[in-house]
Amino acid sequence: YRINAANYFGGERLAMRTVNECFGMNIDKYVRVNFYGFQQIAQMLGGIDIDITEAEMEEINYRVQEQWYEAYLQGIDESALPNELLESYGENTHLDGRQTLAYARIRHMDGGDYARAERQRKVLFELMKKLEGMGIADLAKVGMEAMKHMKTNLSLDEIMNIAQKVLGADLTSIDSFRLPINNSYKQETRNNQDMLYDCDWGSNASSLYTFIYG
């Protein structure tokens, strides 16, 4: 199975255990946000402004409708969210909460999952920029509202402490790192499953440790 299947089979505990065993980590804290909660948080922060292509606009509009329908089938109340399609694209296109999630989910374009991961990094960076300059009171208000839409074993005090450290740093100098590292796996289709196989976990664990701790 793909590594993210651990969350499906055993929730947060198995997801953390799997990552820890595969990559030599000791993670014991988590934040879990589903699609519906992410839309609400992105909307609460005012959405994002980002450069998109015409092809990305079309994909966003397709997924906006898909997300609305999925929520409807699940009986989830999203009446507070706008349900609009994009009519333009280009530089600094504004995306509301639902459109922001749709952009982050695009995968059936050139680049596949790797391009999607890059879009997701852009989304998180733009949302973090929305929090820059906020005072403690405003951050607490955002944090308390966001906690309604996520599951975590972090306390509000821990979240505030982390938020202050992150937002006090230079967001433009943040480094990113992708796993698995190049040349440490085979991308093949086996038994009709297109996945990454034969991963060299030792090399990946070592590279991750070096990236985090220097």
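Residues numbered from 1 in each chain as written. Predicted model: local features only at pLDDT ≥ 70, side-chain atom pairs only at ≥ 80, totals over all residues. Heavy atoms only, no water.

(A) Highlighting the overall build of the protein chain. Scanning the protein chain from terminus to terminus reveals eight helices and six strands. Counting from the amino terminus, the protein chain carries its helices and strands in the arrangement α-β-α-β-α-β-α-α-α-β-α-β-β-α. Taking 17 Å as the expected radius of gyration for a compact globule of 214 residues, we find that the protein chain reaches 19 Å, a close match to that expectation. Reported as C-alpha extents along the three principal axes, the dimensions of the protein chain are approximately 45 × 40 × 35 Å. Across the 214 residues of the protein chain, 35% fall into the buried class. Residue pairs at least 24 apart in sequence account for 65% of intrachain contacts in the protein chain once pairs closer than 6 positions are excluded. Split by element, the accessible area of the protein chain, about 13700 Å² in all, is 50% carbon and sulfur. (Helix = DSSP H or I, 4+ residues; strand = E, 2+ residues; numbered from the N terminus. Rg over C-alpha atoms; globule rule 2.2 N^0.38 Å. Buried < 20%, exposed > 50% of the residue type's maximum accessible area, 1.4 Å probe, protein only. Contact = heavy atoms within 4.5 Å. Areas by Shrake-Rupley, 256 points an atom, 1.4 Å probe, with all protein chains shown as cover.)

(B) Up close: the nonpolar core. One finds I52, I60, L95, Y103, V123 and L127 to be the most contacted residues of the largest nonpolar core, which totals 26 residues. Where this core is concerned, the elements lending two or more residues are α2 (35-44), β2 (48-52), α3 (54-74), α4 (97-105), α5 (112-131), α6 (136-146) and α7 (156-167). (Core = buried A, V, L, I, M, F, W, Y, C linked by side-chain atoms within 4.5 Å.)

(C) Representation of the pattern of salt bridges. Enumeration over the complete set of coordinates arrives at 15 salt bridges. Among the salt bridges present, the one from E59 reaches R63, with a minimum N-O distance of 3.9 Å. Taken together, the residues E59 and R63, both in helix α3 and four residues apart, mark about one turn of the helix. Each member of the pair, E59 as well as R63, carries the same accessibility label: buried. Note that E78 and R98 form a salt bridge whose closest N and O atoms lie 2.7 Å from each other. Of this pair, E78 sits in the loop between α3 and β3 (90-95) while R98 sits in helix α4, and the two are 20 residues apart along the sequence. An identical accessibility class is assigned to E78 and R98; each is buried. (Salt bridge = Lys/Arg side-chain N within 4 Å of Asp/Glu carboxyl O.)

(D) Spotlight on the packing of aromatic side chains. Overall, the coordinates contain seven aromatic pairs when judged by the stated rule. Note on Y1 and F9: the rings are 5.1 Å apart at their centroids and 70 degrees apart in plane angle, and the pair reads as edge-to-face. The same class applies to Y1 and to F9, which are both exposed. A ring pair is formed by Y69 and Y72, whose centres lie 6.4 Å apart and whose planes are at 25 degrees; its orientation type is stacked. Of the two residues, Y69 and Y72 both sit in helix α3, three residues apart, roughly one turn of that helix. With a relative accessible area of 46%, Y69 lands in the partly exposed category. Three or more aromatic residues link up through ring pairs in this structure, and these residues are Y1, Y8 and F9. (Phe/Tyr/Trp six-rings, centres within 6.5 Å; stacked < 30°, edge-to-face > 60°.)

(E) Inspection of helix α8 (residues 201-213) at higher detail. Taking 1.5 Å per residue as the helical rise, α8 with its 13 residues ought to reach 18 Å, and the 18 Å between its terminal C-alpha atoms agrees with that figure. Listed as buried for α8 are N204, A205 and L208. The buried residues of α8 occupy one face: seen down the axis, they fall within an arc of 100 degrees. Buried positions along α8 lie against α1 (5-23). The backbone nitrogen of G202 has a side-chain oxygen 3.3 Å away, supplied by the residue at the start of α8, namely D200. Positive phi shows up at G214, right after α8, with a value of about 80 degrees. (Expected span 1.5 Å × (residues − 1). Arc of directions from axis to C-beta. Polar contact = N/O pair within 3.5 Å; in protein donor to acceptor, adjacent residues only side chain to side chain.)

(F) Here's a closer look at the side chain of E59. A residue is classified by how much of its surface remains accessible, and E59, at 18% relative accessible area, is buried. The residues contacting E59, other than those within four sequence positions of it, are I106, H108 and M109.

(G) The arrangement of the packing of α3 against α4 in detail. Packing of α3 against α4 leaves a shortest axis separation of 8 Å and a crossing angle of 115 degrees. Here α3 lies roughly perpendicular to α4, going by the angle between them. Considering the relative orientation of α3 and α4, their crossing is right-handed. Across the interface between the two elements, E56, I60, R63, V64, E66, Q67, W68 and E70 from α3 touch R98, Q99, L101, A102, Y103 and R105 from α4. Per-class residue counts for the contact of α3 with α4 are six nonpolar, two polar and six charged. (Axes fitted to C-alpha atoms, helices over the stretch in contact; angles between N-to-C directions. Parallel < 35°, antiparallel > 145°, perpendicular 65-115°, else oblique. Left-handed = near helix turned anticlockwise from the far one by under 90°. Nonpolar A, V, L, I, M, F, W, Y, C, P; charged D, E, K, R; others polar.)

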